[in-house]
Amino acid sequence: MSNNRDFAMSRRSLLAGLAGVGGLAALTACGSPGSGPASPARSGGKQAVITHWDKWASQEPWVKKEIGLFQEANPGVTIQRTMQASGNLENLLDLAARGGDMPDVFMVAQDRLDEHIAQGRVLDLSKYATLEWQKTFPAHSFVEGVNAAGGKIYSAPFEGYATDVQLYLNNQVFKDAGLVEADGTVKIPKNWNDVTLFAEQITKKGNGSVHGLGFGNSAFPIIPWWVNFFVNGSGTPATLPSSTPGGLDPRTGKFTLRTESPYLDFLALFLEWRDKGYIFPQSLSIDDEISRQHFARGKFGMIVGGVWNQPGWTDLGFTDYTTVTMVPQDGRRKSFFYRGAGSVHLAVSATTKHPDEAWEWFKWWYGQQAGTRFVQELKGGVSIHPEANDPSKIDFAPFAQFVAGAELVLPGPQPSLRNPATIHVVPKPVTPSFEDICTGLYTGQIKDMRAALTKLNEDLEKEFVKALDKAVQEGHKVSRDDYVFADWDLGKPYKWDIPEYLGA
Amino acid sequence: MPTTQLDRAHPAGPAAEPPRRPSVWRRVRANGWSYAYLLPFAVLTGAFTVYPILASLGYTLYDWDGIGEPTDFVGLANFQEVVADGYFWNSLANAALYTVVLVPVQLVLALAMALVLNNPKLRGSTFYRAIYFLPAVTSIAIVGIVLKLMLANFGDALSAPLAGLGLIDQPLQFLGDPDTVLWTVIAIGIWNTLGYNLIYFLAGLQTIPKDLYEAAQLDGAGRFARFVHVTVPGLRNVGVVIVFLAIIGSLQVFDLVMVLTGGGPFFASDVVNTYVYRQAFGQVGTGVVTEPDIGLASAASFFFGLLLLVLTAGQMLAIKKLRARKERT
């Protein structure tokens, strides 16, 4: 009994303890970023604090610089930036929306904008995005069903159009293997056969320590990047506008793309490279980050990757490489990379308390000067503003080669331009996907390439039909015809039947 | 005798009322601080474990990509899809293999090392304990990245002795070959979490009274006999807990697989939690847009949870029966 008495609590003290815990929890819950350092706007009434979320890690120097310049130019506005580098920005935005704490300005995914619009989470920018402002962008930058809905503008394109992946050559490895032109520059592969011959020569000269080709597939599938790079230009449309379901051939509206001969031929060649030992043996064990470092250290001579590789290599002090933007099968360019019209990047929250200041920041981010700094200083990619993309003003040859490759990207047919309702047709992913199959072929887990890809076509078709039916049941007027562009000439820019600017 | 016993139990006089069970409030008040200490854990568990479980139960019935409110009710279709999905069963088989191999090997190693480290004559035993426990407290992300780098850079050196013995003709791709990847992950898993079980066993060994060993020695028991007749029975209770935790923890392996292989190549090391993650969040970082399927992920997670529940209940039942049988004999 005495023990019990020692440890007994009065009802009052227990309730007081509970209230304390509850109060602490409530304080913790109320401690949102908005009530912390972001308070001057609310307390002072002069300084507006704009919360900004993005997921740009390697572009951070540019973002920080732009924030600094903007705040200098707009002393009444503070940008409070949060970099959500987890890769799940959309989930975090969803949680923020549920908690009523959306950032004022945020990066939005192409395939999610329509849902944010439907949920009333994004601000209609039409009041600000005047025709005059729109015309600072190239024609077809603001498009119904892409970054506008019901005639209202919600976002804008930031990056321009460039080849999504490139082939990189390690100049030193090429020189060591004797792959040099008479003028001392390294030999550039013009067709698939060149790549095979170069890889063979590098591997032979490397005596087991240097290989012709390499990649890092362990974190996520990289082999499809190789397929994509080599198939583009070889007579089949590989890179297509975003609203085209993967594997669908817009010329017929059927899922036959992945069994067309450039795909089958390249995959067969890739397996041949593996069998002949031209590919770095640990390519499936390492990830892309590590493979880039191996490439920089000269463990292999060629790698496929995006322009995002370049800043990392510069940090490593590795700049002696060449960028190749297209290698068609037989050297003759029969097709291009294809892009759609418009795209999304930033959006403004519908619940922002400072819409005018948020717009000012939005406009700054999208401005031509910011775009020029993005291209020429950061070398982060290609800007939507063509004036910012002059290769002659870029002081680093491999990046200038990448920017010059933008001419290989042509307007392509885009179902959502013909019928904006097609954005409601969302086929579910299939397993195994094309990406999975590429890995399975490389490891030997899949033996019959044609059978696997044919089955993939069938699975994609099945999911597409399901998605189409579902959209129709939901009342959207969509059909397979929206996806058929029988008159498309792969060698010419596709002419879109849409206004050049909204409200013009 | 029976009468006496009865009298003792029920003394003469008016029939005594059975003792009243104290009310819930009285019991809470009597042990107030104990409940107060438990409260933060209960609140956190409720908020971050119980609530999400209950909330995601609703999602299993919807086709939902995680944005906005779920509206597309599909009934039990998500569960049907999971049950019919060969890749789910493949991931379950991999998780089962991981468990079946890792648990016994790790427990035998942990027990052996605990016996050595429990020797009072061993010099520097604290240092060794810290060293063996170090991998367990190191971030899995760091472990994964470092080991990936090591295997990438020194994989050929590791393969060389095997090639010298004529066991292999090509350098092993530890994480890239579907035949070796799961075994590599298992080996790393054994090393990585060995420290926990080592500490549990050490704690268990230290609860066994030394008198028992001395008595057994006086009775002429040798080292092996003392191990079998004193150590093993003394570790039985803690051993059951260790086995339970090891099995459940191994079946739920996620972070190690995610960091090392992401479940690849071509699902060769896919386990249930990487399967669920892929359904819920797509293939993060690929640039390939895949629609998240929170409904399907929730259904897979629930179905797996049910399987674990059945397994755990079966284990508990089997142990109970074994104990009952032992007590009868």
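Residues numbered from 1 in each chain as written. Chains lettered and ligands numbered in written order. Predicted model: local features only at pLDDT ≥ 70, side-chain atom pairs only at ≥ 80, totals over all residues.

Caption draft 1: Expanded view of the overall build of chain A. Counting its secondary structure elements, chain A contains 19 helices and 12 strands. Dimensions of chain A, computed from the C-alpha atoms along their principal axes, are close to 85 × 70 × 50 Å. Within chain A, contacts between residues separated by at least 24 positions form 76% of all contacts whose residues are at least 6 apart in sequence. (Helix = DSSP H or I, 4+ residues; strand = E, 2+ residues; numbered from the N terminus. Contact = placed C-beta atoms within 7 Å.)

Caption draft 2: Local environment of the overall build of chain B. On a plain count of helices and strands, chain B comes out with 13 helices and zero strands. For chain B, the α and β elements follow one another from N to C terminus as α-α-α-α-α-α-α-α-α-α-α-α-α. The C-alpha atoms of chain B give a radius of gyration of 26 Å, which is well past the 20 Å a tight globule of 329 residues would have. Seen through its C-alpha atoms, chain B measures out along the principal axes to roughly 85 × 65 × 40 Å. In chain B, buried positions account for 29% of the 329 residues. A separation of at least 24 residues holds for 67% of the contacts in chain B among residues at least 6 apart in sequence. (Rg over C-alpha atoms; globule rule 2.2 N^0.38 Å. Buried ≥ 20, exposed ≤ 12 C-beta atoms within 10 Å, placed from the backbone.)

Caption draft 3: Molecular detail of the confidence of the model for chain A. For chain A, per-residue confidence averages 89 on the pLDDT scale, and 90% of positions sit at 70 or higher. Contacts for the low-pLDDT stretch residues 1-44 of chain A, under 50 throughout, to residues beyond four places or in other chains number 31 contacts. (pLDDT = per-residue confidence, 0-100.)

Caption draft 4: Structural view of the environment of Thr51(A). Residues and elements named next belong to chain A. Counting through the fold element by element, threonine 51 comes out in strand S1 (residues 48-54). Residue classification places threonine 51 among the buried residues on the basis of 23 C-beta atoms within 10 Å. Counting along the chain gives 372 residues from threonine 51 to isoleucine 423, while the straight-line C-alpha distance between them is 29 Å.

Caption draft 5: Here's a closer look at the pairing of strand S6 (residues 166-170) of chain A. Residues and elements named next belong to chain A. Within S6, five of the five residues are buried, which leaves it mostly tucked inside the rest of the structure. Alternating residues of S6 divide into Gln166, Tyr168 and Asn170 and Leu167 and Leu169, and every residue in both groups is buried. The pairing of S6 with strand S8 (residues 300-305) spans four bridges and is classified as antiparallel. Paired with leucine 167 across the bridge in S8 is valine 304. (Pairing = 2+ DSSP bridges.)

Caption draft 6: Broad picture of the sheet that holds strand S2 (residues 77-83) of chain A. Residue and element names in this part refer to chain A. Strands sit in the order S2-S1-S3-S11 across an open sheet of four strands; the sheet is mixed. In the strand order of this sheet, the two ends are held by S2 and strand S11 (346-348), each with one partner. Neighbour-to-neighbour, the strand axes of this sheet turn through a mean angle of 20°, independent of strand direction. Sheet analysis places S1 next to S2, joined by seven bridges and oriented parallel. (Axes fitted to C-alpha atoms, helices over the stretch in contact; angles between N-to-C directions.)

Caption draft 7: Inspection of the sheet that holds strand S7 (residues 211-213) of chain A at higher detail. All names here are of chain A. If you trace the four strands from one edge of the open sheet to the other, you get S7-S8-S6-S9, paired in mixed fashion. The open sheet has two edge strands, S7 and strand S9 (321-324), and neither has a second partner. For this sheet the average axis-to-axis angle between neighbouring strands, irrespective of direction, equals 20°. Lying on the sheet, helix H16 (residues 397-404) is in contact with S6 and S9; it crosses S9 at an angle near 0°.

Caption draft 8: Up close: helix H7 (residues 140-164) of chain B. Most pronounced at Phe154(B), the bend in H7(B) amounts to some 65°. The inward-facing, buried residues of H7(B) abut helix H12 (288-296) of chain A together with helix H8 (181-206) and helix H11 (255-260) of chain B. A positive backbone phi angle near 80° is found at Gly166(B), which sits one or two residues after H7(B). (Bend = angle between axes of the 7 residues up to and from the residue.)

Caption draft 9: Broad picture of H16(A). Residues and elements named next belong to chain A. The complete set of buried residues in H16 reads Pro398, Phe399, Phe402 and Val403. Seen from one end, H16 has its buried residues packed into an arc of 140°, which puts them on one side. Looking at the buried side of H16, the elements it contacts are S6, helix H13 (309-316), S9 and helix H15 (368-378). (Arc of directions from axis to C-beta.)

Caption draft 10: Looking closely at the environment of Gln206(B). All names here are of chain B. If you trace the backbone, glutamine 206 turns up in helix H8. On the neighbour-count criterion, glutamine 206 (10 C-beta atoms within 10 Å) is exposed. Taking the C-alpha atoms as reference, glutamine 206 lies 18 Å from valine 108; in sequence the two are 98 residues apart.

Caption draft 11: Here's a closer look at the domain arrangement of chain A. Residue and element names in this part refer to chain A. If you check the domain split of chain A, you get domain 1 (11-160 + 341-366), domain 2 (166-334) and domain 3 (417-483). Domain 2 and domain 3 are separated by 26 Å when their C-alpha centres are compared. With 21 residues of domain 2 in contact, the opposing surface of domain 3 contributes 21 residues. Of all the secondary structure elements, the ones that give two or more residues to the side of domain 2 that touches domain 3 are helix H10 (223-231) and helix H11 (261-275). Per-element accounting of the side of domain 2 that touches domain 3 gives the leading share, four residues, to H11. Considered class by class, the residues forming the side of domain 2 that touches domain 3 number 12 nonpolar, seven polar and two charged. (Domains from an automatic or database assignment. Nonpolar A, V, L, I, M, F, W, Y, C, P; charged D, E, K, R; others polar.)

Caption draft 12: Quick look at the packing of helix H4 (residues 60-73) of chain A against H15(A). Residues and elements named next belong to chain A. In the contact formed by H4 and H15, the axes pass within 10 Å of each other and the chain directions differ by 140°. H4 and H15 meet at a crossing whose hand is right-handed. Every residue of H15 that contacts H4 at Pro61, Trp62, Lys65 and Glu66 is listed here: Ala370, Arg373, Phe374 and Leu378. The residue inventory of the contact of H4 with H15, partitioned by class, reads five nonpolar, no polar and three charged. (Left-handed = near helix turned anticlockwise from the far one by under 90°.)

Caption draft 13: Seen up close, the packing of helix H18 (residues 434-443) of chain A against helix H19 (residues 449-473) of chain A. All names here are of chain A. Two elements in contact, H18 and H19, have axes whose closest approach is 11 Å; the angle formed by their N-to-C orientations is 170°. Considering the angle they form, H18 stands roughly antiparallel to H19. Across from Phe434, Ile437 and Leu441 in H18, the residues of H19 making contact are Met449, Ala452, Leu453 and Leu456. Its residues assigned to classes, the contact of H18 with H19 comprises seven nonpolar, no polar and no charged. (Parallel < 35°, antiparallel > 145°, perpendicular 65-115°, else oblique.)

Caption draft 14: Quick look at unusual backbone geometry. That bond from Thr431(A) to Pro432(A) is cis: its omega, 0°, falls within 30 degrees of zero. Structurally, Pro432(A) is set in the loop between helix H17 (415-418) and H18. In this model, Gly264(B) is joined to Pro265(B) through a cis peptide bond whose omega is -5°. Positive phi, close to 65°, is recorded for His140(A), a residue that is not glycine. For His140(A), the location among the structural elements is in the loop between helix H7 (131-134) and strand S4 (148-149). For His140(A), a count of 19 C-beta atoms within 10 Å translates into the label partly exposed.

Caption draft 15: Local environment of the nonpolar core. Residue and element names in this part refer to chain A. Core analysis: the biggest nonpolar cluster contains 62 residues, and Leu167, Leu169, Trp226, Val227, Phe230, Met302 and Val304 have the highest contact counts within it. Broken down by element, this core gets its largest block of residues, seven residues, from H10. Inspection of this core shows a minimum of three residues originating in each of domain 2 (166-334) and domain 3 (417-483). (Core = buried A, V, L, I, M, F, W, Y, C linked by C-beta atoms within 7 Å.)

Caption draft 16: Just the confidence of the model for chain B, in detail. Residues and elements named next belong to chain B. Of all residues in chain B, 91% attain a pLDDT of 70 or more, and the chain-wide mean is 85. Taken element by element, the predicted model of chain B shows its lowest mean pLDDT in helix H1 (residues 2-9) (42) and its highest in helix H5 (residues 86-117) (95). Here residues 1-12 is a poorly scored stretch, pLDDT under 50, and it has one contact once near neighbours within four places are set aside; other chains count. Low pLDDT, under 50, characterises residues 285-289; the predicted model gives this stretch nine contacts beyond four residues in sequence or across chains. Taken over the whole predicted complex, pTM reads 0.80, whereas the ipTM for its chain interfaces reads 0.78.

Caption draft 17: Representation of the environment of Leu122(B) within the structure. Residue and element names in this part refer to chain B. Inspection of the secondary structure assignment puts leucine 122 in the loop between H5 and helix H6 (125-137). Through-space distance from the C-alpha of leucine 122 to that of glutamate 214 is 19 Å; in sequence the pair is 92 residues apart. Once residues within four sequence positions are removed from consideration, leucine 122 is found in contact with Val116 and Leu117.

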